[in-house]
Amino acid sequence: MVQEEACSLPLPPGPLMTKSESVLSPVRLSVRSLADEEGVHDSFQQLIAEHRDNGAASSALELQQLQSDLDEESRDNMPLSGPEHEHRRRQGASDLECDGGEREMDPIQGEGWSSDTLKILSSMPSRTIGRNRGAIISQYCNKTLKLRRRRQTRPSIRDFSPSSRPSIRSYGMEGDTTDAEVSKRERLVNNLQNLPVSDRVRMLRGMPLSVAEKKEIRNLVMQKEKRILSNKKLSCCSQLKYYIIIAARKSWYSWLSFLHSLQPWQTLLKRVSGRFGTGVLSYFLFLKTLVFFNVFLFLVTGAFLVLPQAVHPPYRDTTSFSGLELLTGAGSFSHTVMYYGYYANYTLPRRSRDEGGGQNASTLTSDSQQFSYNMPLAYFFTIGMAFFITCIILVYSMSKTFGRSFRINKSNSILTMKTFSCWDFKVIKKKSVQIMSENIGTQLKELLAELTQKHTKSTFCKRFCRLMVHGVAWTICIASTTGCMAGVYYFSEFIHKDLQQNHRNLDVNPLMKEAKLLSLPTVVSVINLLLPALFNLVGWMETYESPSVFAYVAIGRNLMLKMSMLGVLCFHWLGRVAPEYKSIGLTCWEDFVGQELYRFLLMDFIFTLLDTLFGELLWRLFSEKVLKRKRKPVFDIARNVLDLIYGQTLAWLGVLFSPVLPVVQILKLFLVFYIKMSSVMLNCQAPRKPYRASQMTTIFITLLCIPSLLGASVCVTYTMWSITPSTSCGPFRTLDTMFKAGKHWMEILEKDNPSLSVLSKAHTYFVENPFFLFVGAGIFLIVIYFHSQVVDGQRKIISLLQDQIQNEGEDKKFLINRLQSVHKQKQDAGKHLKSQDSTC
């Protein structure tokens, strides 16, 4: 490992390179690293002796010195060593011949380079790494001493160089005697003993010594600490302080370990990553993120809406529970805190029996005198702040994932890191070791697949045929989506007319009337189940070079389907039901929309179970039992992720009409996680072509923010701003729009306290004016854009620097070759002059 590291270390700025070439870059010379360190450094014995005798501390030889040495090259036909080393070299050559060529020659000697070139090469720091233990101990002794002297300012250990590169010129490598090395070791032990434990550990890790030597130094430090503690008698107060510090530190570490153990599904996620790769893992990580968003949404609505109203419930007539409410969400659920119509339009605590519209603006005015908790105002600002904070969290998550996924990490460099430095040696359990080994193996397969991926140039006819196939596939997908969208539009219109007829016909069974409400969610769920299968069938017609590209195309097609369905449904609820709710026999259209969203979430969950049963389990059994094949279905990432986004959009749309709907979404996500996890482990197989899904999480978060949250926010804002609330239910029953709740409260506040008129004006200019809403949305989009541009600029800069590093390596090899050619020319000229003198 040391030899390979020496090959890749950077060259120092010196006479062979310009100042711009001093960028820290791994340079691979045309020769390999020194394979036999002992033999090579024996060959530099004379050079080391010269540096020790003369006290030279220069970083490299100057070109002028090299030129003067080249003039005398005719006398430098012997190797750069004394007679003893020459005898040793000849003995090694004879041993090499006797061994039949089993041992290789020194790569530098094998190139036939001159002694001056060897001097230049021997002066490089990459040729002196790890050669002398005394020099390393001396250097780190000085480091620890400086760190002790600077402890008053408590500098970070990161200020020091991460790697040690001692030079043969500064430390006198061969001149260190055993006694000097022992004294340096003692000084190093003393300095390490006086450092804090964290700095001591980092310093030991940074030493370029073997593990045995590091362990020996650490044991010496620990033994010295024990001797000092045993000889030093501590007072009772000091002992008590010492034990309190130890107990507090152990408690802190135990608390951190407990917090880490609270993270859900860590073992399951590692197992999925090891068996199926990062693509399937990204689905479950995205599901975990959705659980977090819904928990946050429920905490906000539960603390500010559900809990206050549950403590002070209004007077309502209760109905018996029939069981059908679990499917329809109606019935007895309508008289609970689950829906918008249950919430009061007055200031709590106040209970009123007049729920039929007797409450008016005067109620708000009279109750404002004994202000306790204004439910209409709390309802308005809680929903608004919940969406605003969710938007901030999503934008922050997008910026973080952009930075992680679009970093320039070439596959070959990541492959090296994964191969040599990704194992966690703290893992000792057999099961954990197996999971980690599977995880690393899958990641290596993905990286190798990305490296071996070939981009072949096709002919014009092949490209034209491929474009035609893609065009036909997209035409089929768009046409089928448009047809389904039109079908849902006309079917929803039919359902609306049927509700109007049922309202006129009093003989209809109430249970049948509620059961008919499940027809629209069922039709939409069937379309969401079958049409992605058509998209996959069309995708088989196309040929994509990378599986990740196929996954992104499938995500785009499924997104087009889901968003078109949601658009038609929002038009149905806000364009048909809300303006004409009295014609279909509704007293509270907000409750009806909340019940519809509950039914859609429930049907989406039921059809997810059916898809898991028929699409994965039965297909595996059919393939194994009937077809006698070991092939299993591959987990469809695009369809399952878009199902999650579809369900989350429904939850965000319904939080205005049903503040408890996030709880339903949380339960659904938990069940979906365990069902999908079990199905993936039992019924699915890893993709036949492994691929690294480094940007999938970023795309999922982006889709969750831009189409999903943005669309839900637009619908909720339109509802609160433009649509008239129901006149017989809910906290806004006496207002023209929900948005006027804040304005009405500001008017009351200004009337009671004229000194607070500034707040009323601020509400008028900043809340009522839609300009600032668009400005806020624009600022978020600008932040996302600039962050993506910054990341893109960093990618380009890093790419240019990598090209520059590669070119500098070629420049250094070119300079060494030129140096060698000049040396040969000088040598040939000297031989020619000698031959002329001899002839004369």
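Parameters and conventions
- Residues numbered from 1 in each chain as written.
- Predicted model: local features only at pLDDT ≥ 70, side-chain atom pairs only at ≥ 80, totals over all residues.
- Heavy atoms only, no water.
- Helix = DSSP H or I, 4+ residues; strand = E, 2+ residues; numbered from the N terminus.
- Buried < 20%, exposed > 50% of the residue type's maximum accessible area, 1.4 Å probe, protein only.
- Contact = heavy atoms within 4.5 Å.
- Areas by Shrake-Rupley, 256 points an atom, 1.4 Å probe, with all protein chains shown as cover.
- Disulfide = S-S within 2.5 Å.
- Polar contact = N/O pair within 3.5 Å; in protein donor to acceptor, adjacent residues only side chain to side chain.
- Salt bridge = Lys/Arg side-chain N within 4 Å of Asp/Glu carboxyl O.
- Patch = residues over 30% accessible without salt bridge, like charges linked within 9 Å, V, L, I, M, F, W, Y side chains within 5 Å.
- Lys, Arg positive; Asp, Glu negative; His and termini not counted.
- Charge placed at Lys NZ, Arg CZ, Asp CG, Glu CD.
- Axes fitted to C-alpha atoms, helices over the stretch in contact; angles between N-to-C directions.
- Left-handed = near helix turned anticlockwise from the far one by under 90°.
- Nonpolar A, V, L, I, M, F, W, Y, C, P; charged D, E, K, R; others polar.
- Phe/Tyr/Trp six-rings, centres within 6.5 Å; stacked < 30°, edge-to-face > 60°.
- Lys NZ or Arg CZ within 6 Å of the ring centre and 35° of its normal.
- Core = buried A, V, L, I, M, F, W, Y, C linked by side-chain atoms within 4.5 Å.
- Parallel < 35°, antiparallel > 145°, perpendicular 65-115°, else oblique.
- Expected span 1.5 Å × (residues − 1).
- Bend = angle between axes of the 7 residues up to and from the residue.
- pLDDT = per-residue confidence, 0-100.

Focus: the overall build of the protein
Scanning the protein for helices and strands turns up 30 helices and two strands. Relative to its full complement of 840 residues, the protein shows a buried share of 42%. Within the protein, contacts between residues separated by at least 24 positions form 81% of all contacts whose residues are at least 6 apart in sequence. Surface exposure of the protein reaches about 45900 Å², of which carbon and sulfur atoms provide 61%.

Remarks on the environment of Leu285
Turning to its location among the elements, Leu285 is positioned in helix α14 (residues 278-311). The exposure class assigned to Leu285 is partly exposed, which follows from its relative accessible area of 32%. Spatially, the C-alpha atom of Leu285 lies 8.0 Å from that of Thr697, the residues being 412 residues apart in sequence.

A few points about the state of the cysteines
For the structure on display, the rule yields one disulfide. Here Cys588 connects covalently by a disulfide to Cys729, the sulfurs 2.0 Å from one another. Measuring handedness by torsion sign, the sulfur bridge of Cys588 and Cys729 sits at about 85° and is right-handed. Residue Cys588 is found in the loop between α23 (547-577) and α24 (589-625), and its partner Cys729 is found in the loop between α27 (696-722) and α28 (740-752); the two are separated by 141 residues along the sequence. Under the relative-accessibility criterion, Cys729 is labelled buried at 5%. Unpaired in this structure, Cys391 has its nearest cysteine sulfur neighbour in Cys705, at a distance of 5.4 Å.

Examining the side chain of Ser282
Tracing the backbone through its elements, the reader meets Ser282 in helix α14. Judged by relative accessible area, which is 2%, Ser282 ranks as buried. Polar contacts involving the side chain of Ser282 include one to the main-chain carbonyl oxygen of Gly279, which spans 2.4 Å. With residues near it in sequence (within four places) discarded, Ser282 still touches Met696, Thr697 and Phe700.

Digging into the pattern of salt bridges
Close approach of charged atoms lets side chains of opposite charge pair. Applying the stated criterion to the full structure yields 13 salt bridges. A salt bridge links Asp604 to Lys668; the nearest nitrogen and oxygen atoms lie 2.5 Å apart. In this pair, Asp604 sits in helix α24 while Lys668 sits in helix α26 (residues 661-683), placing the two residues 64 residues apart along the sequence. The same class applies to Asp604 as to Lys668, namely buried. Linking Arg639 and Asp636 is a salt bridge whose minimum nitrogen-to-oxygen distance equals 3.9 Å. For the residue pair Arg639 and Asp636, the accessibility class agrees, reading buried in each case. Members of the salt-bridge network, linked through shared partners, are Asp611, Glu616, Asp636, Arg639 and Lys676.

Brief notes about a positive patch on the surface
On the surface, a cluster of positive charge is made up of Arg629, Arg631, Arg688 and Lys689. Residue placement: Lys689 occurs in the loop between α26 and α27. Owing to a relative accessible area of 56%, Lys689 belongs among the exposed residues under this scheme.

Here we look at the packing of α14 against α27
Where α14 meets α27, the closest approach of the two axes is 9 Å, and the angle between their N-to-C directions is 35°. α14 and α27 meet at a crossing whose hand is right-handed. Packed against α14, whose contacting residues are Gly279, Ser282, Tyr283, Phe286, Thr289, Leu290 and Phe293, the element α27 presents Met696, Thr697, Phe700, Ile701 and Leu704 at the interface. For the contact of α14 with α27, the residue count by class is eight nonpolar, four polar and no charged.

Details of a nonpolar patch on the surface
On the surface, Tyr765, Phe766, Val767, Phe771, Phe772, Val775, Ile779 and Val783 cluster together to form a nonpolar patch covering roughly 740 Å² of accessible area. Elements with a minimum of two residues in the nonpolar patch: α29 (757-767) and α30 (770-839). With five residues, the single largest contributor to the nonpolar patch is α30. One can find Tyr765 in helix α29. We classify Tyr765 as exposed; its relative accessible area is 54%.

What to know about the packing of aromatic side chains
Under the counting rule described, the total for this entry stands at 28 aromatic pairs. When the ring of Tyr342 is compared with that of Tyr343, the centres are 6.4 Å apart and the planes differ by 85°; the resulting orientation is edge-to-face. The pair formed by Tyr342 and Tyr343 is uniform in burial state, with each residue classed as buried. Taken together, the ring pairs in this structure connect Trp265, Tyr283, Phe284, Phe635, Phe670, Phe673 and Tyr674 into an aromatic cluster. The lysine or arginine in question, Lys562, covers the ring of Tyr646, its NZ or CZ lying 5.4 Å from the ring centre. For Arg599, the ring lying beneath its charged end belongs to Phe592, and the centroid distance is 5.9 Å.

Side note on the nonpolar core
Formed by 122 residues in total, the largest nonpolar core has its most connected members in Phe284, Phe286, Leu287, Ile383 and Trp589. The greatest single-element share of this core, amounting to 14 residues, is contributed by α14. Not counting chain neighbours up to four residues away, the residues in contact with Leu287 comprise Trp265, Leu644, Leu669, Val672 and Phe673. The next biggest cluster of nonpolar side chains, apart from the first, holds ten residues, and it includes Leu188, Met203, Leu209 and Val221.

Digging into the packing of helix α22 (residues 519-539) against α23
The geometry of a pair of packed helices is captured by two quantities: the angle between their axes and the separation between those axes. Following both chains from N to C, one finds α22 and α23 inclined at 160°, their axes separated by 10 Å at the closest point. On the basis of the axis angle, α22 is roughly antiparallel to α23. As for how α22 packs across α23, the hand of that crossing is right-handed. Along the contact surface, α22 presents Leu520, Val524, Ile527, Asn528, Leu531, Pro532, Phe535, Val538 and Gly539, while α23 presents Phe550, Arg557, Asn558, Leu561, Lys562, Met565, Leu569 and His572.

Here we look at the side chain of Lys676
In this fold, Lys676 is placed in helix α26. In this structure, Lys676 is in contact with Tyr283, Phe284, Thr608, Asp611, Thr612, Glu616, Phe635 and Asn640, ignoring residues within four places of it in sequence.

Digging into the environment of Met436
Assignment of secondary structure puts Met436 in helix α19 (residues 430-451). In the structure, Met436 is positioned twelve residues away from Asp424 in sequence and 8.5 Å away in space, judged by C-alpha atoms. Leaving out residues up to four positions away in the same chain, Met436 has contacts with Trp423, Asp424 and Val427.

Quick notes on unusual backbone geometry
A positive phi angle is found at Trp265, which is not glycine, with a value near 65°. With respect to the helices and strands, Trp265 occurs in the loop between α12 (236-261) and α13 (266-276).

Structural notes on α14
Taking 1.5 Å per residue as the helical rise, α14 with its 34 residues ought to reach 50 Å, and the 47 Å between its terminal C-alpha atoms agrees with that figure. Maximal helix bending in α14 amounts to about 50°, located at Gly302.

Here's the deal with the confidence of the model for the protein
The predicted model of the protein has a mean per-residue pLDDT of 75, with 72% of residues at 70 or higher. Per-residue pLDDT stays below 50 along residues 351-371; that stretch engages in 38 contacts with residues further than four places along the chain or on separate chains.

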